[in-house]
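Chain residues, written in single-letter form:
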Amino acid sequence: MELQKTLGLFDAMAIGIGAIVGAGIFVVTGIAAGLAGPALLLSLLISAGISAFTAISFAQLAAFIPKEGGGYEFAHELISPFAGFITGWIWLLANVVIGVVVSIGFASYLQLFIPLPLQVIAPAACLVITFINYLGAKGSSLINNILVSVKLLILAFFVAFGIGAVKADNFSPFMPNGGTGVMQGAALIFFAFTGFGRITIISEEVKNPTKTIPLAIILALGISTAVYMLVSFTAVGLAGYTELAHSGSPLSDAALSESKNAASLISIGALVATLSVLLTTLLGLSRISFAMARNSDLPGLFGKLHHRRAVPYNAVLVFGIVMAVLAAFTDLARAAAISNFASLLYYSMVNYSALKMEKPVYPRIFPAIGLMTCIILLFFLSRDAWIMGGLVTLAGILYYHAGRSNRSA
């Protein structure tokens, strides 16, 4: 049985926007504002620029290798099977942690309505998303399209409501922690842009993927960047960066400074946004593990498809449960940093894969800049991110060589 081509341009673009516009803008914005101050706007532009170079690599690679698995397949075919495995392994780490961060963000906003512990709400959200993904790509895509439309409308309301009440004093000093703070903010807020590559993970389920996926990537990144800039400007202008820095629900708190009703609506938008990111995160995890199992890089159970829904159901269940368990014990800021470490390594491998193309669509300077800037951002992440990311990467290397030894024996 094979995966079914059921997704069009709007579906693919919505998966990208759904993956990008979520916990980054509704949750991590506050942490990044504490590092960069009002210069969070510069941090966003830096992250968006770096993402754009990497997006170009994704676009041309997706057109060249329209297979399920994204960066894993790119590195597997253009560099080596080992490079492909490590790329896929790192991506799994990044997105498991992204799922955990997003579920915690969802729980932080839901607490404004229902006084339950984070450790209860976050795992429950992961389990609900597991059930939705189990329904199949078309069903989960329809739900995602609705969620994306709703959250964009609510963010548009936030900007329209708040931009007239922006206070100029909240932008002074503009760079309280200097250039280092701006770069640290950029390294962290990069988390907010990591979703655009998820479109390539479901290549075999997209109609006319060689044309649809590159266009979907460009549209998703462009729309999301415009939304981020407008929303961040409004949030900092309403509440000030010091207020946002200590908040688990920064947009809601920014709106609360002007209207309780507006804050409630923004909180609903945050719930919708984080839910859609959770949805696409688990979608991506199940598809890349499916691709890795198909190449015998992961156990065969991850490669089994449901006989009616054509969905890798074991992969959906395993990663859904893993995220639910981790969500009960994880610290938000640390998890975001670890996710960024893994994401930046993953994007570095994608850019390097683009450099290995014999006939690239775009000049090689684009993936070269993408690779260089991803590596630079890595050095602005915390020591914890390096330690945890390094340990998981080492575990992947050991697993790969142990598996190869078993296959040889």
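Keep in mind the model is a prediction, meaning the values are calculated, not measured. (Residues numbered from 1 in each chain as written. Predicted model: local features only at pLDDT ≥ 70, side-chain atom pairs only at ≥ 80, totals over all residues. Heavy atoms only, no water.)

S.K.: How do you make sense of the overall build of the protein when you look at a structure like this?
M.R.: Helices and strands together make up the secondary structure of the protein, namely 16 helices and zero strands. Taken against the 2.2 N^0.38 rule, which gives 22 Å for 409 residues, the C-alpha radius of gyration of the protein at 20 Å falls within 12% of a compact globule. Each principal axis of the C-alpha atoms in the protein carries an extent, and together these give about 65 × 45 × 40 Å. Counting every position in the protein, which comprises 409 residues, the buried fraction comes to 59%. In the protein, the proportion of contacts linking residues at least 24 apart, taken out of those at least 6 apart, comes to 83%. With the model as given, the accessible surface of the protein reaches about 15100 Å², and the carbon-plus-sulfur share is 68%. A gap of 7 Å separates the mean positions of the 21 positive and 15 negative side-chain charges of the protein. (Helix = DSSP H or I, 4+ residues; strand = E, 2+ residues; numbered from the N terminus. Rg over C-alpha atoms; globule rule 2.2 N^0.38 Å. Buried < 20%, exposed > 50% of the residue type's maximum accessible area, 1.4 Å probe, protein only. Contact = heavy atoms within 4.5 Å. Areas by Shrake-Rupley, 256 points an atom, 1.4 Å probe, with all protein chains shown as cover. Lys, Arg positive; Asp, Glu negative; His and termini not counted. Charge placed at Lys NZ, Arg CZ, Asp CG, Glu CD.)

S.K.: Can you walk me through the environment of A107 in this structure?
M.R.: Within the fold, A107 resides in helix α5 (residues 81-110). The class of A107 is buried, set by a relative accessible area of 0%.

S.K.: Is there a simple way to explain the side chain of T225 in this structure?
M.R.: Counting through the fold element by element, T225 comes out in helix α9 (residues 209-239). In this structure the side chain of T225 is engaged in a polar contact, spanning 2.8 Å, whose partner is the backbone oxygen of L221. (Polar contact = N/O pair within 3.5 Å; in protein donor to acceptor, adjacent residues only side chain to side chain.)

S.K.: So what exactly am I meant to see when it comes to a nonpolar patch on the surface here?
M.R.: The grouping of L112, F113, I114, L116, V120, F157, L265 and I268 at the surface amounts to a nonpolar patch, some 640 Å² of accessible area in total. Structurally, V120 is set in helix α6 (residues 118-134). V120 gets classed as partly exposed once you look at its relative accessible area, which sits at 46%. (Patch = residues over 30% accessible without salt bridge, like charges linked within 9 Å, V, L, I, M, F, W, Y side chains within 5 Å. Salt bridge = Lys/Arg side-chain N within 4 Å of Asp/Glu carboxyl O.)

S.K.: How do you make sense of the packing of α5 against helix α12 (residues 260-294) when you look at a structure like this?
M.R.: Angle between the axes and distance between the axes: these two values describe a pair of packed helices. Orientation of α5 relative to α12, taken along the N-to-C sense of each, is 160 degrees, at an axis distance of 9 Å. Considered as vectors, α5 and α12 are oriented roughly antiparallel to each other. In terms of crossing hand, the pair formed by α5 and α12 is left-handed. When its residues are assigned to classes, the contact of α5 with α12 shows 18 nonpolar, ten polar and no charged. (Axes fitted to C-alpha atoms, helices over the stretch in contact; angles between N-to-C directions. Parallel < 35°, antiparallel > 145°, perpendicular 65-115°, else oblique. Left-handed = near helix turned anticlockwise from the far one by under 90°. Nonpolar A, V, L, I, M, F, W, Y, C, P; charged D, E, K, R; others polar.)

S.K.: Mind showing me how you'd approach α5 here?
M.R.: Since the α-helix advances by 3.6 residues per turn, residues separated by three or four positions end up pointing in the same direction. Between its first and last C-alpha atoms α5 spans 43 Å; for 30 residues at 1.5 Å apiece the expected length is 44 Å, and the two agree. Taking burial as the measure, the 30 residues of α5 include 28 buried ones, the bulk of the element. (Expected span 1.5 Å × (residues − 1).)

S.K.: Honestly, the confidence of the model for the protein in this entry has me stumped. Any pointers?
M.R.: In low-pLDDT segments, the atomic positions of the prediction should not be examined closely. Residue-level pLDDT values for the protein average 81, and 90% of them are 70 or greater. Per-element confidence in the protein is highest for helix α15 (residues 365-378), whose mean pLDDT is 89, and lowest for helix α2 (residues 23-36), whose mean pLDDT is 76. (pLDDT = per-residue confidence, 0-100.)

S.K.: Teacher, can you tell me more about the packing of aromatic side chains here?
M.R.: By convention here, two paired aromatic rings are described through the distance between centres and the angle between planes. Under the defined criterion, the tally for this structure stands at 16 aromatic pairs. Between Y346 and Y347, the ring centres sit 5.5 Å apart and the planes meet at 50 degrees, which makes this aromatic pair tilted. Assessed through its relative accessible area of 2%, Y347 is described here as buried. Centroid distance F379 to W386: 5.5 Å. Interplanar angle 40 degrees. Geometry classified as tilted. You can call W386 partly exposed: its relative accessible area is 34%. Through a chain of ring-to-ring contacts, three or more aromatic side chains come together here, namely F58, F74, W91, Y346 and Y347. (Phe/Tyr/Trp six-rings, centres within 6.5 Å; stacked < 30°, edge-to-face > 60°.)

S.K.: Would you mind going over the nonpolar core with me for this structure?
M.R.: Soluble globular proteins tend to pack their nonpolar side chains together in the buried interior. F26, F158 and L251 are the most contacted members of the largest nonpolar core, which has 126 residues in total. Looking at which element gives the most residues to this core, the answer is α5, with 19 residues. The contact partners of L251, leaving out residues within four places of it in the chain, are I25, F26, Y109, L155, F158, V231, A235 and I266. (Core = buried A, V, L, I, M, F, W, Y, C linked by side-chain atoms within 4.5 Å.)

S.K.: Just to check I follow, could you spell out unusual backbone geometry for this structure?
M.R.: Glycine aside, negative phi is the norm for most residues, and most peptide bonds take the trans geometry. For the bond from S172 to P173, the omega torsion is -5 degrees, close enough to zero to count as cis. With respect to the helices, strands and loops of the structure, P173 is situated in the loop between α7 (137-162) and α8 (178-189).

S.K.: Honestly, the side chain of T54 in this entry has me stumped. Any pointers?
M.R.: Here T54 shows up in helix α3 (residues 40-64). Residue class for T54 comes out buried when judged on its relative accessible area of 0%. Setting aside residues up to four positions removed in sequence, T54 forms contacts with F196, Y347, N351, G370 and C374.

S.K.: Could you clarify how one ought to interpret the environment of R364 in this entry?
M.R.: By secondary structure assignment, the location of R364 is in the loop between α14 (332-355) and α15. Linking R364 and P123, residues 241 residues apart in sequence, is a C-alpha distance of 43 Å. What R364 contacts, discounting residues up to four positions off in sequence, is A354, L355, K356, M357 and E358. Polar contacts involving the side chain of R364 include one to the main-chain carbonyl oxygen of L355, which spans 2.6 Å. Among the polar contacts listed, one links the side chain of R364 to the backbone oxygen of E358, at a separation of 3.5 Å.

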